[in-house]
Amino acid sequence: MAEENDLEVLLNLDGFEFQFAQSYRVKIVAQLVEATSGRPHGIKYSLTLHDPQGVRIYGLDNAHRPQRRRPEFDHRHRYGHRRSVAYVYRGPIQLLEDFYREVERILRERGVS
């Protein structure tokens, strides 16, 4: 039951956009999909942070297969790096917590309050 409620929290954020100070923006996409080897949890998601010019500077998603050969699509677009790295999906709430923890760190580093 708790897992279903956690999933509802994430799914209810689909289409959510939030603008921080200095025009930094968070965008969230989260949709139920058929479970596959690429998306074994049955969710397609993209959580991104964009700079004031609209350029993605950080993100967690499973919208496509990362360059490395792993069956899961889950990966992280790291701040300041061109290559994505694997992300271990541990549930919808942990996904949100991991994302916002890094967003807070990046914004703090950039002097955004």
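A brief look at the structure comes next. Values in this document were obtained by computation on a predicted structure and should not be read as measured data.

Criteria and thresholds
Residues numbered from 1 in each chain as written. Predicted model: local features only at pLDDT ≥ 70, side-chain atom pairs only at ≥ 80, totals over all residues. Heavy atoms only, no water. Salt bridge = Lys/Arg side-chain N within 4 Å of Asp/Glu carboxyl O. Buried < 20%, exposed > 50% of the residue type's maximum accessible area, 1.4 Å probe, protein only. Helix = DSSP H or I, 4+ residues; strand = E, 2+ residues; numbered from the N terminus. Polar contact = N/O pair within 3.5 Å; in protein donor to acceptor, adjacent residues only side chain to side chain. Contact = heavy atoms within 4.5 Å.

1. Examining the pattern of salt bridges
Here comes step 1: In the structure shown here, the tally under the stated rule is 5 salt bridges.
Here comes step 2: Between E17 and R25 there is a salt bridge, with its nearest N and O atoms 3.6 Å apart.
Here comes step 3: Overall, the relative accessible area of 46% leaves E17 in the partly exposed class.
Here comes step 4: With relative accessibility at 26%, the residue R25 sits in the partly exposed group.
Here comes step 5: The shortest N-O distance in the salt bridge between R105 and E109 comes to 2.8 Å. Residue R105 and its partner E109 are both found in helix α2 (residues 92-109); the two are separated by 4 residues, about one turn of the helix.
Here comes step 6: The exposure class assigned to R105 is partly exposed, which follows from its relative accessible area of 31%.
Here comes step 7: Several salt bridges converge on common partners, so that one network encompasses R90, D98 and R101.

2. Brief notes about the side chain of T48
Here comes step 1: Topologically, T48 is positioned in strand β3 (residues 43-50).
Here comes step 2: Taking the relative accessible area as the measure of exposure, T48 reaches 9% and is therefore buried.
Here comes step 3: Here the side chain of T48 touches H50 through a polar contact of 2.7 Å, side chain to side chain.
Here comes step 4: The contact partners of T48, leaving out residues within four places of it in the chain, are R25, V26, K27, R56, Y58, G59 and F99.

The analysis is restricted to geometry; functional conclusions fall outside its scope.
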